[in-house]
Amino acid sequence: MTKATKATKATKAQWISIFICWLTYTCTYFGKYSYNANISIIEENYKITHAEAGLVLTVFALFYGAGQIVHGLLCRKYSKKYIVPITLLISATANALCFFNIPFYLIKYLWIMQAAMLSILWPLVMQVISENVGSNLMPKAVLAMSTTTSVGALLIYGISALFAEINFRITFLVSSVILISVAVLWFCLYKPGNYLETAKKEIEEKSESSGALKGRLIFIPIVLFGILILIAGFARDGIQSWSPVILKQVHGMPDSFSILLTLVLPISGIVGACLAVSLSARIKSFIVLTILFFTTISLFNLIVYLFYKNVFVMVAAFGMLEFLIHGVLNVIVSIFPLSIRGRISTGALTGILNGCSYAGSAAGTYLLGLIADKSGWANVFLTLLISVVLATVLGVVYFIISAKNKKLKI
């Protein structure tokens, strides 16, 4: 086999790895967001409060976040060929059961089961990317993986809008079929690779030339980003999960239309994730990029708080917030971990950071629902505003400290 043939074969293998990782994680949203997309209909169907409905999402986020951390630390030892299909099949089973009119209290336990299993996948697919993709294709891999959340949410909310007026439970059945299909595809296409040694040498060379973030100092920005992504997760799922209910209750929209209008959010998220990749090529400092995103997020949260009674302003502002929040999430949980993949396990780091994100999601889905029950949606928007302003302040404080101590620059 010639060198050119080997190179072509290696490139093809990398593209296949990027594709199956992207497809697998995108399709997990059929499993875990099938409930979110139908939350307003589920509230009516089961005659439950916002807090009761949000509790399902809260326990999911708690178990998912904790699982991300555990699996992030262990995922390098997993048999990737088998664990991914098993995980997807369990998620498919949970959704298939929801197709039947099971009692509401059982949904909570099914979503806990899903959380425990699906939490394997983000650190694992990011570990696969770090192992199977070389430096030349890594920017494309980062761009692809940055769109998974938004594309997944777009697809599940689109399907939910389609079936909302017919029978919302069909969404669970369709999700189950899709998850089974992807499980089979992963089993057939996955093959291991190893590009980590090359990445390790590149990281060491860059570190020696810059003198930044050597040794244990790397854990200081990781802690900061853990806090910031917790706040970003709180803001993201606070908007994404409750927007159909907000549009229905504040502006009197029917279920199918409120879900359909919510599609603005993931579409904006796709653009935001791509923007983050583009900006990271120009703004080399991760902390400056993060501050830029959170400052703009604070501005649009203020707009929502002041003008939420105007449906056009609110939907447009929600779209911009999703755009910006997905941007900052992509910087912290995708671009940053893969940029230092030769220094620390990408699976472990993304697991920890994404775990923090879902801790924020757990707080957002339950606390914001509780606040809405007790004191209305205006106070929900105020809570979101305060949280993102706090994130901006933390970022600025770190930037000032790192300006004085160049070893902390990121």
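Fair warning: this is a prediction, and the values are worked out from it, not measured in the lab.

Criteria and thresholds
- Residues numbered from 1 in each chain as written.
- Predicted model: local features only at pLDDT ≥ 70, side-chain atom pairs only at ≥ 80, totals over all residues.
- Heavy atoms only, no water.
- Helix = DSSP H or I, 4+ residues; strand = E, 2+ residues; numbered from the N terminus.
- Buried < 20%, exposed > 50% of the residue type's maximum accessible area, 1.4 Å probe, protein only.
- Contact = heavy atoms within 4.5 Å.
- Areas by Shrake-Rupley, 256 points an atom, 1.4 Å probe, with all protein chains shown as cover.
- Salt bridge = Lys/Arg side-chain N within 4 Å of Asp/Glu carboxyl O.
- 1 Å grid on protein atoms, 1.4 Å probe; cavity = no way out; pocket = protein on both sides within 12 Å on 5 of 7 lines; lining within 4 Å.
- Points joined across faces, edges and corners; volume = space filled by probe spheres on them.
- Nonpolar A, V, L, I, M, F, W, Y, C, P; charged D, E, K, R; others polar.
- Core = buried A, V, L, I, M, F, W, Y, C linked by side-chain atoms within 4.5 Å.
- Axes fitted to C-alpha atoms, helices over the stretch in contact; angles between N-to-C directions.
- Parallel < 35°, antiparallel > 145°, perpendicular 65-115°, else oblique.
- Left-handed = near helix turned anticlockwise from the far one by under 90°.
- pLDDT = per-residue confidence, 0-100.
- Phe/Tyr/Trp six-rings, centres within 6.5 Å; stacked < 30°, edge-to-face > 60°.
- Lys NZ or Arg CZ within 6 Å of the ring centre and 35° of its normal.
- Expected span 1.5 Å × (residues − 1).

Enquirer: Kindly report on the overall build of the protein chain, identifying the contributing residues and their values.
Expert: Of the regular secondary structure elements, the protein chain holds 18 helices and 0 strands. Residues counted as buried form 57% of the 410 residues belonging to the protein chain. Considering only residue pairs separated by 6 or more positions, the protein chain has 84% of its internal contacts joining residues 24 or more positions apart. Accessible area of the protein chain: about 16,500 Å², with a carbon and sulfur share of 71%.

Enquirer: Account for the pattern of salt bridges, with residues named and values stated.
Expert: A complete count under the given rule lists 1 salt bridge for this structure. The residue Glu 131 makes a salt bridge to Lys 80 at a minimum N-O spacing of 3.8 Å. Of this pair, Glu 131 sits in helix H7 (residues 121-132) while Lys 80 is found in helix H5 (residues 80-99), placing the two residues 51 residues apart along the sequence. Each of the two residues, Glu 131 as well as Lys 80, counts as buried.

Enquirer: Summarise empty space enclosed by the protein; cite the residues concerned and give the values.
Expert: Tallying each qualifying case throughout the model produces 3 cavities of 30 Å³ or more. Estimates place the volume of the largest cavity at around 170 Å³. Along the wall of the largest cavity there are 16 residues; nearest its centre are Trp 122, Thr 149, Arg 236, Leu 329 and Val 333. Within the residue set of the lining of the largest cavity, elements represented by two or more residues are helix H1 (3-32), helix H8 (138-146), helix H9 (148-163), helix H16 (311-339) and helix H17 (346-375). The element best represented in the lining of the largest cavity is H16, accounting for 5 residues. Per-class residue counts for the lining of the largest cavity are 7 nonpolar, 8 polar and 1 charged. The space that makes up the second largest cavity amounts to roughly 80 Å³.

Enquirer: Explain the nonpolar core residue by residue, including any values.
Expert: If you look at the biggest cluster of nonpolar residues, it comprises 124 residues, and the most contacted ones within it are Tyr 25, Tyr 35, Ile 107, Trp 111, Ile 129, Trp 186 and Phe 381. What Trp 111 contacts, discounting residues up to four positions off in sequence, is Gly 31, Lys 32, Ser 34, Tyr 35, Val 56, Phe 60, Ala 94, Asn 95, Cys 98 and Phe 172.

Enquirer: So what's going on with the packing of helix H15 (residues 286-307) against H16? Residues and values would help.
Expert: Direction vectors running N to C along H15 and H16 enclose 160°, while the axes themselves pass 9 Å from each other. Of the possible angle classes, the one that applies to H15 and H16 is roughly antiparallel. You can see that H15 and H16 cross each other, and the crossing is left-handed. Tallied by class, the residues present in the contact of H15 with H16 amount to 22 nonpolar, 5 polar and no charged.

Enquirer: Tell me about the layout of surface pockets, and please be specific about residues and values.
Expert: Space inside the second largest pocket adds up to approximately 250 Å³. Together, 16 residues line the second largest pocket, and Ala 13, Ile 16, Ser 17, Leu 189 and Lys 191 are the ones closest to its centre. Only H1 and helix H10 (170-189) provide two or more residues apiece to the lining of the second largest pocket. Ranked by residues supplied to the lining of the second largest pocket, first place goes to H1 with 8 residues.

Enquirer: An account of unusual backbone geometry is requested, with residue identities and associated values reported.
Expert: Where the residue is not glycine, phi is negative for most of them; where a peptide bond is considered, it is trans in most cases. With a phi angle near 55°, Lys 47 is a residue other than glycine that sits in the positive phi range. Along the chain, the position of Lys 47 falls in the loop between helix H3 (39-46) and helix H4 (50-74).

Enquirer: Describe the confidence of the model for the protein chain, naming the residues involved and giving the relevant values.
Expert: Where the model shows low pLDDT, its predicted coordinates should not be examined in detail. Taken residue by residue, the protein chain gives an average pLDDT of 82. The fraction at 70 or more is 87%. Across the protein chain, the secondary-structure element scoring lowest on mean pLDDT is helix H11 (residues 196-210), at 52, and the one scoring highest is H10, at 95. Taken as a whole, residues 207-211 scores under 50 in pLDDT and shows 4 contacts with residues more than four places along the chain or in a different chain.

Enquirer: Account for the packing of aromatic side chains, with residues named and values stated.
Expert: For the structure on display, the rule yields 16 aromatic pairs. Three or more aromatic residues joined by ring pairs make a cluster, and in this case those are Tyr 25, Tyr 29, Tyr 33, Trp 122 and Tyr 157. Its guanidinium or amino end placed over the ring of Tyr 29, Lys 32 lies 4.3 Å from that ring's centre, counting from NZ or CZ. Here Lys 81 stacks its cationic end above the ring of Phe 187, 4.5 Å away from the centre of that ring.

Enquirer: Tell me about the environment of Gln 114, and name the residues and values.
Expert: In this structure, Gln 114 sits in helix H6 (residues 104-118). You can call Gln 114 buried: its relative accessible area is 0%. Spatially, the C-alpha atom of Gln 114 lies 8.3 Å from that of Thr 87, the residues being 27 residues apart in sequence. Once residues lying within four places of it in the same chain are set aside, the contact partners of Gln 114 are Gly 31, Lys 32, Phe 60, Ser 91, Ala 94, Asn 95 and Ser 119.

Enquirer: Provide a residue-level description of H7, including the pertinent values.
Expert: The end-to-end C-alpha separation of H7 is 16 Å, in line with the 16 Å expected for 12 residues at 1.5 Å each. Within H7, 12 of the 12 residues are buried, which leaves the element mostly enclosed by the surrounding structure.

Enquirer: Explain the side chain of Ser 357 to me, and be specific about the residues and the numbers.
Expert: For Ser 357, the position within the fold is in helix H17. Take Ser 357: its relative accessible area is 0%, and that puts it in the buried class. Excluding residues within four positions of it along the chain, Ser 357 makes contact with Ile 229, Leu 230, Gly 233, Arg 236 and Leu 329.

Enquirer: An account of the environment of Phe 99 is needed here, citing residue identities and associated values.
Expert: With respect to the element layout, Phe 99 can be found in helix H5. On the accessibility criterion, Phe 99 (26% relative accessible area) is partly exposed. Considered as a pair, Phe 99 and Ile 170 are 71 residues apart in the sequence and their alpha carbons are 6.4 Å apart. Sequence-distant contacts of Phe 99, that is, excluding residues within four places in its chain, are made with Arg 169, Ile 170, Phe 172 and Leu 173.

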